[in-house]
Amino acid sequence: MVADRPIVVAGAGAIGCFVGGLLAVGGHRVAMLVRPRVKTEIERFGLRLTDFDGSEQKLGAGQLALSEDPAIFHNAGIVLVTVKSADTADVADQIARHAPQDAVIVSLQNGVGNVAVLRERLGGRRVLAGMVPFNVIAMGEGRFHRSTSGDIHVGADEADTAAALSVPDLTVRASRDITGVQWGKLIINLNNALSALSDMPLAAQLANRDWRRLFADQMAEGVAAMKAAGIAPVSATPIPLRWTPTLLRLPDVIFNAILGRTMKIDPEARSSMWQDLKQGRKTEIDYLQGAVIALAEQNNVDVPLMRRIVALIKQAEAAGNGPPRLTPRQIRGAA
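Residues numbered from 1 in each chain as written. Predicted model: local features only at pLDDT ≥ 70, side-chain atom pairs only at ≥ 80, totals over all residues. Heavy atoms only, no water.

Caption draft 1: Broad picture of the overall build of the protein. Helix and strand counts for the protein stand at 15 helices and 12 strands. For a compact globule of 335 residues, the expected C-alpha radius of gyration is about 20 Å, and the protein comes in at 19 Å, within 12% of that figure. C-alpha extents for the protein along the principal axes are approximately 55 × 40 × 40 Å. The buried share of the protein, taken over its 335 residues, is 53%. Looking at the protein alone, contacts between residues at least 24 apart form 71% of all its contacts between residues at least 6 apart. Of the roughly 14400 Å² of accessible surface on the protein, a fraction of 50% belongs to carbon and sulfur atoms. A gap of 4 Å separates the mean positions of the 37 positive and 33 negative side-chain charges of the protein. (Helix = DSSP H or I, 4+ residues; strand = E, 2+ residues; numbered from the N terminus. Rg over C-alpha atoms; globule rule 2.2 N^0.38 Å. Buried < 20%, exposed > 50% of the residue type's maximum accessible area, 1.4 Å probe, protein only. Contact = heavy atoms within 4.5 Å. Areas by Shrake-Rupley, 256 points an atom, 1.4 Å probe, with all protein chains shown as cover. Lys, Arg positive; Asp, Glu negative; His and termini not counted. Charge placed at Lys NZ, Arg CZ, Asp CG, Glu CD.)

Right, dumping it as structure tokens:
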């Protein structure tokens, strides 16, 4: 299916351009549904993919099919959905109108609710959940930089879609517990908001024990809500989830030694929520912390820190002044 029909990226932002670009480098036919700004940028500069390990790949604009028209889905073998969660319903309707009935739809989005929306809007089509563990930063002039490590996970299916999507520098693994994997990634993604509120690179933030304690306390609230709901999250990192809050609270020297052996983080890595505040866009806070708060309400679990973090992000969105550069004490409400 993939060999003679294109893989179409639905919503080629930072993740979509990076993943789609590596698939093209790996020999696949790739098409991208893009916004006018991204289309103009790639047509002018090409697509340049850089990595935290120093590697680099370049593609000319002619090596990708770029379009603002959803008719680009018309011959898709696989559709990779990479839009923000708030846009899932709209892009699903576009896929329903234009994509072949047998196209495989793969959600590579943050949060845990997008697959349900896609399945509802796409009827009997095959829809697979996925999880992207790494961050990608849009650097401008057609450059997209992967700043953290990790392999993509996609729900296992008979066609082995995960294997079909694996290419050099982009490993895609089949998972038989993709729901647990998604909840595990969501727990890690709770730090996106702290990154956005601090205006600090992820590596610098994780090197600071006060920030890690804040992350650990927020994570503990999330784990409690999931436990009450009977959800068993699967760790999105090499560190087992049950150990993570304790490890985060360790002294800097010990924690940094453990992190260095398990994850690779570029010194300038930033979260997608930081990028959203920086560019004056609405964040995905309602689909990350918001999903955990809804779960907590259903199961009578108190999550006060998480509620405060949501309020602070929404204040920053409304102000439109970018990341507010708060301290851990300010986030906790102690200053």
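Caption draft 2: Expanded view of the nonpolar core. The biggest cluster of nonpolar side chains holds 41 residues, and the ones touching the most others in it are Leu-186, Ile-313 and Ile-331. Where this core is concerned, the elements lending two or more residues are helix H6 (178–189), helix H7 (191–198), helix H9 (209–228), helix H11 (252–262), helix H12 (272–278), helix H13 (289–298) and helix H14 (304–319). Not counting chain neighbours up to four residues away, the residues in contact with Ile-331 comprise Leu-194, Leu-197, Trp-211, Leu-214, Arg-308, Ile-309, Leu-312 and Leu-326. Listed in part, the 38 residues of the second largest apolar core include Val-30, Leu-80, Leu-128 and Phe-144. (Core = buried A, V, L, I, M, F, W, Y, C linked by side-chain atoms within 4.5 Å.)

Caption draft 3: Region of interest: the sheet that holds strand E10 (residues 143–146). Read across the open sheet, the 4 strands follow the order E4-E3-E10-E9; overall the sheet is mixed. Taken across any chain shown, the strands that pair with only one partner, and hence form the sheet edges, are strand E4 (56–59) and strand E9 (136–140). Each neighbouring strand pair of the sheet contributes to a mean axis angle of 20 degrees, computed without reference to strand direction. The sheet contact formed by strand E3 (residues 47–51) and E4 spans 4 bridges and is antiparallel. Across the sheet, residue Leu-49 finds its bridge partner in E4, namely Gln-57. (Pairing = 2+ DSSP bridges. Axes fitted to C-alpha atoms, helices over the stretch in contact; angles between N-to-C directions.)

Caption draft 4: Layout of the pairing of strand E2 (residues 30–33). On E2, burial covers both faces: Val-30 and Met-32 on one face and Ala-31 and Leu-33 on the other are all buried. Of the strand pairs in this sheet, strand E1 (residues 7–10) and E2 are connected by 4 bridges, and their pairing is parallel. Note that in E2 the partner of Val-8 across the bridge is Ala-31. In this fold, E1 hands off to helix H1 (residues 14–25), which returns the chain to E2; that crossover is right-handed. One ladder, built from 3 bridges, connects E2 with strand E5 (residues 65–67); its direction is parallel. Residue pairing across strands places Leu-33 opposite Ser-67, the latter belonging to E5. (Right-handed = clockwise from strand over helix to strand, strands pointing away.)

Caption draft 5: Focus on the pairing of E9. Pairing geometry for E9 and E10, over 4 bridges, is antiparallel. The partner of Ala-138 across the bridge, within E10, is Phe-144. As consecutive antiparallel partners, E9 and E10 are separated by 2 residues, and within that stretch Glu-141 has a phi angle of approximately 55 degrees, a positive value.

Caption draft 6: Up close: the sheet that holds strand E11 (residues 152–155). On the basis of which strands lie adjacent, the open sheet formed by 8 strands has the order E5-E2-E1-E6-E7-E8-E11-E12 and mixed pairing. With partners counted over all chains shown, the strands left at the sheet margins are E5 and strand E12 (172–175), one partner each. Geometrically, the sheet is characterised by an average inter-axis angle of 25 degrees between neighbouring strands, direction not taken into account. Bridge count between E11 and E12: 4 bridges; the pairing is parallel. Counted as the bridge partner of Gly-155 is Ser-175 from E12. Contacting E1, E2, strand E6 (78–81) and E11, H1 crosses the sheet at an angle of about 165 degrees to E2.

Caption draft 7: Up close: the environment of Asn-135. With respect to the element layout, Asn-135 can be found in the loop between strand E8 (127–131) and E9. Distance in space between the C-alpha atoms of Asn-135 and His-145 is 8.3 Å, their sequence separation being 10 residues.

Caption draft 8: Examining the environment of Trp-211 more closely. For Trp-211, the location among the structural elements is in helix H9. Its relative accessible area of 5% is what places Trp-211 among the buried residues. Along the backbone, Trp-211 and Arg-270 are 59 residues apart, and their C-alpha atoms lie at a distance of 15 Å. When sequence neighbours within four positions are dropped, the list of residues in contact with Trp-211 reads Leu-194, Ser-198, Met-200, Gln-205, Leu-326, Thr-327, Pro-328 and Ile-331.

Caption draft 9: Region of the structure containing the packing of H13 against H14. The N-to-C vectors of H13 and H14 enclose an angle of 140 degrees; their axes lie 10 Å apart at closest approach. Note that H13 runs across H14; the crossing there is left-handed. Here Gln-289, Val-292, Ile-293 and Glu-297 of H13 lie close against H14, whose contacting residues are Met-306, Arg-307, Ile-309 and Val-310. Tallied by class, the residues present in the contact of H13 with H14 amount to 5 nonpolar, 1 polar and 2 charged. (Left-handed = near helix turned anticlockwise from the far one by under 90°. Nonpolar A, V, L, I, M, F, W, Y, C, P; charged D, E, K, R; others polar.)

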